[in-house]
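Analysis of the macromolecular model
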Amino acid sequence: MADQIRLIKKYPNRRLYDTQTSSYITLADVKELVLDHGTFQVVDAKTGEDLTRNILLQIILEEEAGGAPMFTSDLLSQMIRFYGNAMQGMMGKYLENNIKAFTDMQAKLQDQVRSVYGENATVSQDLWAQFLNFQGPAMQSMMGAYMEQSKKMYAQMQEQLDSQTRNLFSGFQFPGFAAGLGPDKGESPEPGGDPTDATKK
């Protein structure tokens, strides 16, 4: 049986109420739920509006302001430019798939660390450095697979965009162009020319 979604209510005073523990919690507590892969939903206590994304974005904002930001100003600027763009919907899926691929690669690395250093090994920064020094070829192979998957997802996104573009303009008729023919197929005589010349050639 799937775990029941943990419901968290947000009140007008900005306090968060965990209905599972019947207590007020902080944004840090919600972050812990995320880190523990907990399934939860944040709703407005008055209107019932889903505020989960808002809370997650708030957590990201605090993390970014914490001194070790993950996103550069240039990356954030590029992401902002995609809003309202024709690529907006596809870009969200593209980023989601890339993060999933990177997470899968990270899980494989963690499994390899445990196989080398033991099941209870603490994956510290120093341990990662040592592991990666000894696992160069394996890391290179995993990164190659990740980049290949990323390239395929981008190609699929480009094909989808090309297909949408063709469908968009397929209903338009351009002067001097017959359906399925180019301008050099003799379907239209030059101005002032003999209409029969096209059939004589």
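Summarised in this report is the structure supplied together with it. (Residues numbered from 1 in each chain as written. Predicted model: local features only at pLDDT ≥ 70, side-chain atom pairs only at ≥ 80, totals over all residues. Heavy atoms only, no water.)

With respect to the overall build of the protein chain
Quick note on the threshold: Counting from the N terminus, the helices are DSSP H or I runs at least four residues long and the strands are E runs at least two residues long. Burial here depends on accessible area, computed with a 1.4 Å probe over protein chains only, as a share of the maximum for the residue type. Under 20% is buried, over 50% is exposed, and the range in between is partly exposed. Contacts are assigned to residue pairs with any non-hydrogen atoms lying within 4.5 Å of each other.
A tally of helices and strands in the protein chain yields 7 helices and 4 strands. Along the protein chain, helices and strands appear, N-terminal first, in the series β-β-β-α-β-α-α-α-α-α-α. Relative to its full complement of 201 residues, the protein chain shows a buried share of 17%. For the protein chain, the share of sequence-separated contacts (at least 6 apart) that also reach a separation of at least 24 residues comes to 44%.

Structural notes on the packing of aromatic side chains
Definition in use: Ring geometry is summarised as follows: Phe, Tyr and Trp rings, the Trp one being its six-membered ring, pair when their centres sit within 6.5 Å, and such pairs are stacked at plane angles under 30 degrees, edge-to-face over 60 and tilted between the two. For a lysine, the NZ atom is tested; for an arginine, the CZ atom; a charge sits over a ring if that atom is within 6 Å of the ring centre and within 35 degrees of the ring normal.
Going through the model one piece at a time under the given rule, you end up with 3 aromatic pairs. Measuring from ring centre to ring centre gives 5.2 Å for Y17 and Y24, while their planes differ by 70°; the resulting arrangement is edge-to-face. Ring pairing ties together the aromatic residues Y11, Y17 and Y24, which thus form one cluster. The residue whose ring lies beneath R15 is Y24, and the NZ or CZ to ring-centre distance is 3.9 Å.

Some details on the side chain of R6
Threshold: Under this definition, polar contacts are N or O atom pairs within 3.5 Å; protein pairs additionally need one hydrogen-donor-capable and one acceptor-capable atom, and for neighbouring residues in sequence, both atoms have to be side-chain atoms.
Turning to its location among the elements, R6 is positioned in strand β1 (residues 6–10). Only 2.6 Å separates the side chain of R6 from the side chain of D18, close enough to count as a polar contact. Filtering out sequence-adjacent residues up to four positions away, R6 remains in contact with D18, Q20, T21, L33, T39, F40 and Q41.

Focus on a nonpolar patch on the surface
Our working rule: Candidates for patches are residues over 30% relative accessible area with no salt bridge; among them, like charges are joined within 9 Å and nonpolar side chains (Val, Leu, Ile, Met, Phe, Trp, Tyr) within 5 Å. Areas reported as accessible are Shrake-Rupley estimates using a 1.4 Å probe. Residue values count occlusion only from the protein chains shown. We define a salt bridge as a side-chain nitrogen of Lys or Arg found within 4 Å of a carboxyl oxygen belonging to Asp or Glu.
Where nonpolar side chains cluster on the molecular surface, the patch consists of L75, L76, M79 and L95 and spans about 290 Å² of accessible area. Tracing the backbone shows M79 in helix α3 (residues 73–81).

Examining the sheet that holds strand β3 (residues 23–25)
Which entries qualify depends on this criterion: Any two strands are treated as partners once DSSP identifies two or more bridges connecting them. Orientation is described by lines fitted to C-alpha atoms, with helices fitted over the stretch in contact, and by angles between N-to-C directions that extend from 0 to 180 degrees.
Reading across from one edge, β3-β2-β1-β4 is the order of the 4 strands in this open sheet, with mixed pairing throughout. The sheet is open, and its two edges are formed by β3 and β4 (40–44), each paired on a single side. Between one strand axis and the next, the sheet turns by 35° as a mean value, whatever way the strands run. Contacts from helix α2 (residues 52–64) reach β1, β2 (16–18) and β4, with the element oriented near 105° to β4.

Points about the layout of surface pockets
The line we're drawing: In the cavity and pocket records, a cavity denotes points on a 1 Å grid over the protein atoms alone where a 1.4 Å probe fits but cannot get out, a pocket denotes an open set with protein on both sides within 12 Å along at least 5 of 7 lines, and lining residues are residues with an atom within 4 Å of a point. Grid points are joined across faces, edges and corners, and a volume is the space filled by probe spheres set on the points.
Counted as a void, the largest pocket has a volume near 2200 Å³. Lining the largest pocket are 42 residues, and of these I60, M70, F71, M79 and I99 sit closest to its centre. No other element matches helix α4 (residues 88–117), which puts 11 residues into the lining of the largest pocket.

What about the nonpolar core?
As a rule of thumb, soluble globular proteins bury nonpolar side chains together. Basically, it comes down to this: Only buried Ala, Val, Leu, Ile, Met, Phe, Trp, Tyr and Cys residues count toward a nonpolar core, and they belong to the same one when joined by side-chain atoms within 4.5 Å.
Core analysis: the largest hydrophobic core is formed by 11 residues, namely I8, L16, I25, L27, V30, L33, F40, V42, L51, I55 and I59. At the level of secondary structure, the elements contributing two or more residues to this core comprise α1 (27–35), β4 and α2. Here this core gets 3 residues from one element, more than from any other, and that element is α1. Excluding its chain neighbours within four sequence positions, the residues that come into contact with I25 are I8, L16, D18 and V30.

Everything listed is a geometric property; what it means functionally is a separate question.
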